[in-house]
Structure formats: C-alpha cells, structure tokens
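Report on the structure
Okay, here's what each chain looks like letter by letter:
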Amino acid sequence: MKTRLEPQTGTAFELKSGQTLRVIDLEGEQVADLTAFSRADPTEWLSSGRSIDYANTIYLTKGHLLYSNRSSPMFTITADDVGRHDFLLTPCSRETFAIIYGNTAPHPSCFENLWRNLAEFGVAPDAIPTTLNIFMNVEVGPDGTLKILPPRSKAGDALTLRAEMDLIVGLTACSAELSNNGSFKPIAYEISDAT
Ligand SMILES: [Zn+2]
C-alpha cells in the first residue's frame, strides 16, 4: 500500500530488517530527504561520509550499501530508476533559506519536518545528520563548485532500499524551491515485507 506525503511535509516510521522501502516521485522533479537511526540505539545513524567513502563515489545507486556512523550496513539500494541522488547536502532548514536566499520569512523545511516527526522516537534535532536526498541532482564542477539542477526523476520513478537492521526512518517531500525546479509536489512511499 502506498502512503502519500503531501507537498512540504514529512513523516517518521519503523522499518524492520529485511523490509524494503520504495520511495516514489509521483509527479516528477521532486526531492525526498531520507535519514535513519538504529531502532535498538538511536545514537547509531545513517552516515553520508562512511557511505560515500566505502562506495568510492558520491552518486550512490543500485547495489550500493548505506552505512551507519559505526560502519554497519543500514540499507542496500536494490532498485533505482533515476541514478542521481545527493548525499552531500544537509536537509533544508529555516537557516538554509535565510543564509543562501536571504529569506527570513517562515518557510517549511525538511529539517523541521524531520525533527518534528522523529521526536516521538526520541531523536533530537541536533542528532539529524546529512540526509540522503533522493532524486536531488547536484553536479560537482572540476573546481569543486556545486550546482543544484532540476531532478532527473520523471513521474512514477522510484528508489528502493532494503533495511539491513531494524530502523527508525525519517522521510520528507522537500520544501526547497531550487531543489525541486520551483514547485512543490507530493512523494509516495511503500513498505514491503521480506520476500
Ligand atoms: Zn528539503
């Protein structure tokens, strides 16, 4: 059964070892930020640095493992329709909009949508690490300059991850204008039991 995340919202839920999580871009060009913590000990978290280091690429895709800060596998990417996701940048926050765009007005953000939903699992805002920004299209220039381009995802494209331990997962439909080619769309996700 698919669950729909309305534009600029988020959620948190448990995912058991062996279950798969399919994240679907319903309309195309929409980013979904994902983070995870060990169910047994939430001080173990999904680590961008370790995952990129061990995969030896910043563009993680089918076949790659995503590791925790303790170097334990948390997920395996088992299917990927798009092949371009970001794992360098933090979830957009109120401060992101103020610092990068000079926008100090109230603005929904992935960071707030994550910590508000993860609070019930005992995860504090400061514990939220760099997220796997599913469908986010970040290009790195030869001089190291980053360029945020429209996502390559089309309507119905998905990324599928298998949990390698019992997890608490946070997931959003991203709230940043630039990451989503200027419009905010829903995201869907589907959890399947081990087959
Ligand atoms: Zn965001």
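Residues numbered from 1 in each chain as written. Predicted model: local features only at pLDDT ≥ 70, side-chain atom pairs only at ≥ 80, totals over all residues. Heavy atoms only, no water.

Some remarks on the overall build of the protein chain
- Secondary structure summary: the protein chain contains 3 helices and 12 strands in total.
- Its C-alpha radius of gyration of 15 Å places the protein chain within 12% of the 16 Å reference for a compact globule of 195 residues.
- Along the longest, intermediate and shortest principal axes, the C-alpha atoms of the protein chain span 45 × 35 × 35 Å.
- By residue count, 47% of the 195 residues in the protein chain fall in the buried class.
- Residue pairs at least 24 apart in sequence account for 76% of intrachain contacts in the protein chain once pairs closer than 6 positions are excluded.
- Working note: accessible area of the protein chain is about 8800 Å², and carbon and sulfur atoms make up 51% of it.
- In the protein chain, the 16 positive side-chain charges and the 24 negative ones have mean positions that sit 3 Å from each other. (Helix = DSSP H or I, 4+ residues; strand = E, 2+ residues; numbered from the N terminus. Rg over C-alpha atoms; globule rule 2.2 N^0.38 Å. Buried < 20%, exposed > 50% of the residue type's maximum accessible area, 1.4 Å probe, protein only. Contact = heavy atoms within 4.5 Å. Areas by Shrake-Rupley, 256 points an atom, 1.4 Å probe, with all protein chains shown as cover. Lys, Arg positive; Asp, Glu negative; His and termini not counted. Charge placed at Lys NZ, Arg CZ, Asp CG, Glu CD.)

A look at the sheet that holds strand β5 (residues 65-67)
- With respect to topology, 6 strands assemble into an open sheet ordered β1-β12-β3-β10-β6-β5, the strand pairing being antiparallel. At either margin of the open sheet sits one strand with a lone partner, and together these are β1 (2-5) and β5. Across the sheet, the mean angle separating the axes of adjacent strands is 25° when strand polarity is ignored.
- Pairing of β1 with strand β12 (residues 187-192), which is carried by 4 bridges, proceeds in the antiparallel orientation. Along β12, the bridge assignment pairs Leu-5 with Ile-187. (Pairing = 2+ DSSP bridges. Axes fitted to C-alpha atoms, helices over the stretch in contact; angles between N-to-C directions.)

Quick notes on the coordination of the zinc ion
- Coordination sphere of the zinc ion, protein contribution only: Cys-92 (SG), Cys-110 (SG) and Cys-174 (SG), at 2.2 to 2.3 Å.
- Coordination of the zinc ion draws on donor residues from a single chain, spaced C-x17-C-x63-C in sequence. Taken together, the positions of Cys-92 in the loop between β6 (73-80) and α2 (94-101) and Cys-174 in the loop between β11 (167-172) and β12 put the pair 82 residues apart, joining distant regions of the chain. Across the pair, exposure class does not vary: Cys-92 and Cys-174 are buried alike. (Donors = N, O, S within 2.8 Å, 3.2 Å for Na, K, Ca; no water.)

Remarks on the pattern of salt bridges
- Under the definition given, this model contains 11 salt bridges.
- With a shortest N-O distance of 3.2 Å, Arg-70 and Asp-41 are connected by a salt bridge. Taken together, the positions of Arg-70 in the loop between β5 and β6 and Asp-41 in the loop between β4 (32-38) and α1 (48-55) put the pair 29 residues apart, joining distant regions of the chain.
- A relative accessible area of 27% places Asp-41 in the partly exposed class.
- Across the pair Lys-154 and Asp-157 runs a salt bridge, and its minimum N-O distance is 3.8 Å.
- Looking at Lys-154, the relative accessible area reads 56%, which means it is exposed. (Salt bridge = Lys/Arg side-chain N within 4 Å of Asp/Glu carboxyl O.)

Brief notes about the pairing of strand β8 (residues 137-140)
- Taken together, the 4 bridges between β8 and strand β9 (residues 146-149) define a ladder with antiparallel strand orientation. Among the inter-strand pairings, Val-138 is bridged to a residue of β9, identified as Ile-148.
- Where β8 hands over to β9, the hairpin turn is made up of 5 residues, of which Gly-144 adopts a positive phi near 95°.

A few points about the sheet that holds β11
- Taken in spatial order, the 4 strands make up an open sheet running β2-β11-β4-β7, and their pairing is antiparallel. What marks the edges here is a single partner per strand, and that holds for β2 (10-15) and β7 (132-134). Going across the sheet, the axis of each strand differs from the next one's by a mean of 25°, ignoring polarity.
- Alignment of β4 against β7, held across 3 bridges, turns out to be antiparallel. Across the sheet, residue Asp-33 finds its bridge partner in β7, namely Asn-133.
- In the packing of helix α3 (residues 110-118) onto the sheet, the strands contacted are β2, β4 and β11, and the crossing angle to β11 comes to about 145°.

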